[in-house]
Every structure is written in C-alpha cells, then in structure tokens.
Amino acid sequence: MGHGFRLMALIKGVLWGLRRKIVSRLGKHRVLIRSSDYPTLFAARIDALKREGRYRIFAELTRPAGHFPAVLWAGPNGLTEVITWCSNDYLGMGHHAGVRAAMIDAIEAGATGAGGTRNIGGTNALHVELERLLAALHDKPAALTFTSGYSANLASLSVLGSLLPDTVFLSDGDNHNSMIEGIRRANCDRVIFEHNSAADLEAKLAAISPDKPKIVVFESVYSMSGNISPIGEFARIAKKYGAMTYLDEVHAVGMYGARGGGVSQELGVADQIDVIQGTLGKAFGMQGGYITGDASVIDCIRSFGASFIFSTSLAPVLAAGALASVAHLMNSTEERRLQRQRVAEVKARLLDIGLPVMQGASHIVPVFVGDPVHAKALTDRLQDHHGIYIQPINYPTVARGTERLRITPGPCHTPAMVDALVDALDTEWSALSLARTRQAIAA
C-alpha cells in the first residue's frame, strides 16, 4: 500500500478517534460539547504522536546564497552551519548564478507576484515562454504550469477521469498522495496494481471491459525507496489494452535524459507516454508543477481543472528562474554527471561499513532503520554532534517498521563532505547499536 493511502488512513483514524471521544463524553445524557473541549481532544492526538516517536519537528534552515549544501540551522544554541544531505534541490540549481541573475532581472522588470489567476489578469509572458520550453523539454505539443506538483496531479487526474464516462484508473500501489487524491476527485472506478508489477497491471487491464476508457497512472522514480518503474513495459501493456498513460516524473526531471526530460527520455520511451507530469521544485530548484502532452488534453485540463482555474498563478519571478534553470539543464550534463558520481560513492561506502542501504537504481539513497525512535535519535545525533542534517522518514510517509533515512547526494557535496557523512553515520550507528549488513536490502 502506497504512502498516500497510509496518510489518508491516518487522517480518517484521527477523525474517527475524535468522534468516539465526543460521543463518549456525551454518554446517555447527551451533554453539550463545549467549544473549549476541542483543543484538548486535538492535543491528545499530538501527545499520541509524540509517544510513538513520530512527531515531526521542522528544522528552521536558512540557505545562504552560493554556499549550498551548507545551510544555517536555527538551533538551541543559535545559528549553526550544517550540511544538508536530504534536500530535493538535487542539483543545487536553487543557488545557480544564472538562475539567480534571471530572477533578479525579472524582479527589476516588475515580475514579482502574478496579480491574479491565469484567467483573470494572471498570465504573464514568462508563463507562456516557460510552457513552450517545458513542452520542448519533453517533446510534447503543449504544457501547462501550476503552483505546485501536487496541484498539477490533483487537477489533471480529476479532469481526465471526470470528462470520460465510465473511466477506470489503474494506479500503482505506491503512488503519491497527490495522484491518489486526483483520482478520488474524478469519482471513477479505481484499481490498484502491485507496485512496479507489469504482470499484475496486465492481469487487471485484461479484466476490464474493452469499451471502458482506462488510464494507467504511475511514477518514474519513487522518492522514498529510490526504485524506478518499468516505464516502457507499462506503456506497451497500456497500449495493448487501449489505455492512456499518465507518468509522474517529479523526482526525475532535470536528473535523467540527455536534456533532463526524465527517466522516460533516458530510456527513449517518452513518446509512448500520453501525459508527463513534472515539477520545478526539485532538480530545477524553483517552485511549481506542470504537465505536458497532447494539445487537446492539456487544453481540457486548463479549461476544467478547478485547482488550476481558482489558484493565483505561479509568481512570474519563479517562472523566470525556472526558465533559466530548465534551459541550463537542457544543455549542460555536468551537474548530472557529478551527481551520479557522488551517489555511487555514497552508496558504495555506506555498504562497505555495513549500513543497510535499500536497493534502488536512482539518485535517492535510503538507509533502513526500522524504528521511528531510533531514526529520530540517529538524525538528532548527526545534527548535534556532526553538523549533518538528514530528516528521518517515518509513518505515514512510509509503512510502520520501515522507517529510514533518505539521503540525496548531489554535485555540490565535496569529497570531504562524503568522508564526514560516512564517518558520522558509522560512529552514531554504533552508538545506537543498530544492526548492520553488507548487502543492499529490498526496498
């Protein structure tokens, strides 16, 4: 079951728990609930999270220009420099000189906030130019930008399903919550197939009436395991059964392919995918999301997608930064080359000291811990004793008992930083008496 489904189950559990407490308090005499009772009930849920070791603390980080991956952490002793190893700014493009210059120029020209929705005064020339570039990046006829990747999935999937009567979605079991919610809002039948299983996808497609529209929805790189889907095989099976394909490439755009178009571009199968969704907020170092595909499909999402229609447009200054970042990575391979070198070094060295690195061919390096309290203690010790920031990954993002660290080496990490990371993990792993193995474990 994907982490998105687990998140929804958690939310439902919280709501039902609150209901039970309220009903219990009413009892047979139906005593009126006071407004002052609600904070107490919600506080009890937070206390439960803390007892389980799953309470999330947001580290306050400042990113000084040009110093990434060094960041300033506002800790108990004031500002301290730490090295971040879990950023989604995978290639450090948020600090690239050309990107920053483009944004400064855009601000000087007046391109700050959008001033409205795309339909009401919020379409800027920079939006139009960016959408043309993104369409070219993926060799698709059209593109559409959103304020986030989450919003892009929400609008796109809800529209695609709702406009086609009797649509059936076939969704990978590990799909992101944004995809799950988009499918829910389409009010269509939904079939879940086993994660990355071409055989299960085909079996489930074969069981659906041929006259029903079908949409196969999956990701290229799964962010918490680091594994990669069999995109070409999924596309072949979908075509065999007359299904449309929708591919989320948010953790892959900028990172893979000759021009940074994602894993589908690297594998030479992007032309077999109907809709490719991506983000500007990870390897491109900005904020926002987008979709690319056939012009009529994109126009339908533009015309019917509620989260697109009713949201203020992406800030033009962000569009300017994204234009510079996408254009740079379409022409430069150095960032991707160095990033892959760092990933290979970190994986090999962590395995060499017996840390349980989870299998995966992508740039994401998950290290299995298996306990939320140990995961939090480990990351606290790394931060407090070694100046290394890694966020623990706990339920509901991953299943209970599969808690982990998620490490994302990049081109801005130096060999000295790699040495420090390996030494620190080795020391603190021993300090907490965590299990070791010299083989990669299944994700």
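Details of the structure are given in the entry above.
Residues numbered from 1 in each chain as written. Predicted model: local features only at pLDDT ≥ 70, side-chain atom pairs only at ≥ 80, totals over all residues. Heavy atoms only, no water.

**Q** Whenever I open this one, the side chain of Glu 249 confuses me. Can you help?
**A** Positionally, Glu 249 belongs in the loop between strand S8 (243-248) and helix H9 (263-266). Notably, Glu 249 is buried but unbridged: the nearest opposite-charge side chain belongs to Lys 140, and the N-O separation is 9.4 Å. Among the polar contacts listed, one links the side chain of Glu 249 to the backbone nitrogen of Val 263, at a separation of 3.1 Å. Look past the residues within four positions of Glu 249 in its chain and what remains in contact with it is Ser 220, Gly 261, Gly 262, Val 263, Ser 264, Ile 276 and Gln 277. (Helix = DSSP H or I, 4+ residues; strand = E, 2+ residues; numbered from the N terminus. Buried < 20%, exposed > 50% of the residue type's maximum accessible area, 1.4 Å probe, protein only. Lys, Arg positive; Asp, Glu negative; His and termini not counted. Salt bridge = Lys/Arg side-chain N within 4 Å of Asp/Glu carboxyl O. Polar contact = N/O pair within 3.5 Å; in protein donor to acceptor, adjacent residues only side chain to side chain. Contact = heavy atoms within 4.5 Å.)

**Q** Is there a simple way to think about the nonpolar core in this case?
**A** The tendency in soluble globular proteins is for nonpolar side chains to be buried side by side. Counting 56 residues, the largest nonpolar core has Leu 130, Leu 134, Leu 201, Val 216, Phe 218, Leu 280 and Phe 284 as its most contacted members. Residue assignment for this core shows that the elements contributing at least two residues are helix H3 (97-108), helix H4 (125-137), strand S5 (168-172), helix H7 (198-206), strand S7 (214-219), helix H8 (231-240), S8 and helix H12 (316-331). At 9 residues, the largest contribution of residues to this core is made by H12. Ignoring any residue separated from it by four or fewer positions in sequence, one finds Val 216 in contact with Leu 170, Phe 193, Leu 201, Leu 205, Ala 238, Ala 243, Met 244, Thr 245 and Tyr 246. Core analysis: the next-biggest nonpolar cluster, separate from the first, contains 32 residues, Ile 390, Ile 407, Leu 421 and Trp 429 among them. (Core = buried A, V, L, I, M, F, W, Y, C linked by side-chain atoms within 4.5 Å.)

**Q** When you look at the packing of helix H5 (residues 149-162) against helix H10 (residues 295-304) in this model, what are you seeing that I'm missing?
**A** In helix packing, the relevant descriptors are the interaxial angle and the interaxial distance, both defined with respect to the helix axes. It is the contact of H5 with H10, at a shortest axis distance of 9 Å, that shows an interaxial angle of 105 degrees. Classified by the angle between their axes, H5 and H10 sit roughly perpendicular to one another. Contact residues: Ala 155, Ser 156, Val 159 and Leu 160 in H5; Val 297, Cys 300, Ile 301 and Phe 304 in H10. (Axes fitted to C-alpha atoms, helices over the stretch in contact; angles between N-to-C directions. Parallel < 35°, antiparallel > 145°, perpendicular 65-115°, else oblique.)

**Q** Honestly, H4 in this entry has me stumped. Any pointers?
**A** Residue pairs three or four apart in sequence face the same way in an α-helix, which turns once every 3.6 residues. With 13 residues, H4 ought to run about 18 Å at 1.5 Å a step, and its terminal C-alpha atoms sit 18 Å apart, in line with that. Among all positions of H4, only Leu 126, His 127, Leu 130, Glu 131, Leu 134, Ala 135 and Leu 137 are buried. On its buried face, H4 is in contact with strand S4 (142-146), H9, strand S10 (289-293) and H12. Just downstream of H4, Asp 139 is the residue with a positive phi angle, here 55 degrees. (Expected span 1.5 Å × (residues − 1).)

**Q** Which parts of the structure should I look at to understand the side chain of Ser 87?
**A** Relative to the helices and strands, Ser 87 is located in the loop between strand S3 (78-84) and H3. Those residues in contact with Ser 87 that lie beyond four places of it in its chain are Arg 63, Phe 68 and Thr 408.

**Q** Help me understand a nonpolar patch on the surface, please; the structure alone is not making it clear to me.
**A** Taken together, the side chains of Ile 46, Tyr 55 and Ile 57 make up a nonpolar region of the molecular surface, amounting to roughly 260 Å² of accessible area. Tracing the chain through its elements places Tyr 55 in the loop between helix H2 (37-52) and strand S1 (61-62). Residue class for Tyr 55 comes out partly exposed when judged on its relative accessible area of 36%. (Patch = residues over 30% accessible without salt bridge, like charges linked within 9 Å, V, L, I, M, F, W, Y side chains within 5 Å. Areas by Shrake-Rupley, 256 points an atom, 1.4 Å probe, with all protein chains shown as cover.)

**Q** Would you take a moment to explain the packing of aromatic side chains for this structure?
**A** Given two aromatic rings, their pairing is described by the distance between the two centres and the angle made by the two planes. Following the criterion strictly, the structure yields 3 aromatic pairs and no others. Geometrically, the ring pair formed by Phe 193 and Phe 234 is edge-to-face, given 5.5 Å between the ring centres and 85 degrees between the ring planes. Note that Phe 193 is positioned in strand S6 (residues 189-193) and Phe 234 in helix H8, a separation of 41 residues in sequence. The same class applies to Phe 193 as to Phe 234, namely buried. (Phe/Tyr/Trp six-rings, centres within 6.5 Å; stacked < 30°, edge-to-face > 60°.)

**Q** Help me understand unusual backbone geometry, please; the structure alone is not making it clear to me.
**A** Residue Phe 68 is joined to Pro 69 through a cis peptide bond whose omega torsion reads 15 degrees. Along the chain, Pro 69 falls in the loop between S1 and strand S2 (70-75). A cis geometry characterises the amide bond from Tyr 395 onward to Pro 396, with omega recorded as 10 degrees. You can see Pro 396 is positioned in the loop between strand S13 (392-393) and strand S14 (404-407). In this structure, Asp 139 is a non-glycine residue whose phi angle is positive, near 55 degrees. Mapping Asp 139 onto the fold places it in the loop between H4 and S4. Phi at Ser 433 is positive, roughly 55 degrees, even though this residue is not glycine. Examined against the element boundaries, Ser 433 turns out to sit in the segment after helix H15 (415-431). Judged by its relative accessible area of 66%, Ser 433 is exposed.

**Q** Explanation requested: the environment of Ala 125 in the structure shown.
**A** Tracing the sequence through the fold places Ala 125 in helix H4. Sequence separation between Ala 125 and Ala 319 is 194 residues, and the spatial gap between their C-alpha atoms is 9.6 Å.

**Q** Where do I start with the pairing of S8 in this structure?
**A** A regular strand carries its side chains on alternate faces of the sheet. Judged by how many residues are buried, S8 sits mostly within the fold: 6 of 6 residues are covered. Both faces of S8 are covered, namely the face carrying Ala 243, Thr 245 and Leu 247 and the face carrying Met 244, Tyr 246 and Asp 248. Bridge analysis of S7 against S8 gives 6 bridges, and the strand direction is parallel. Bridge pairing in S8 links Val 216 to Thr 245. The handedness of the S7 to S8 crossover, carried by H8, is right-handed. The sheet contact formed by S8 and strand S9 (residues 275-279) spans 3 bridges and is parallel. Opposite Leu 247, over in S9, you have Ile 276 as the bridge partner. (Pairing = 2+ DSSP bridges. Right-handed = clockwise from strand over helix to strand, strands pointing away.)

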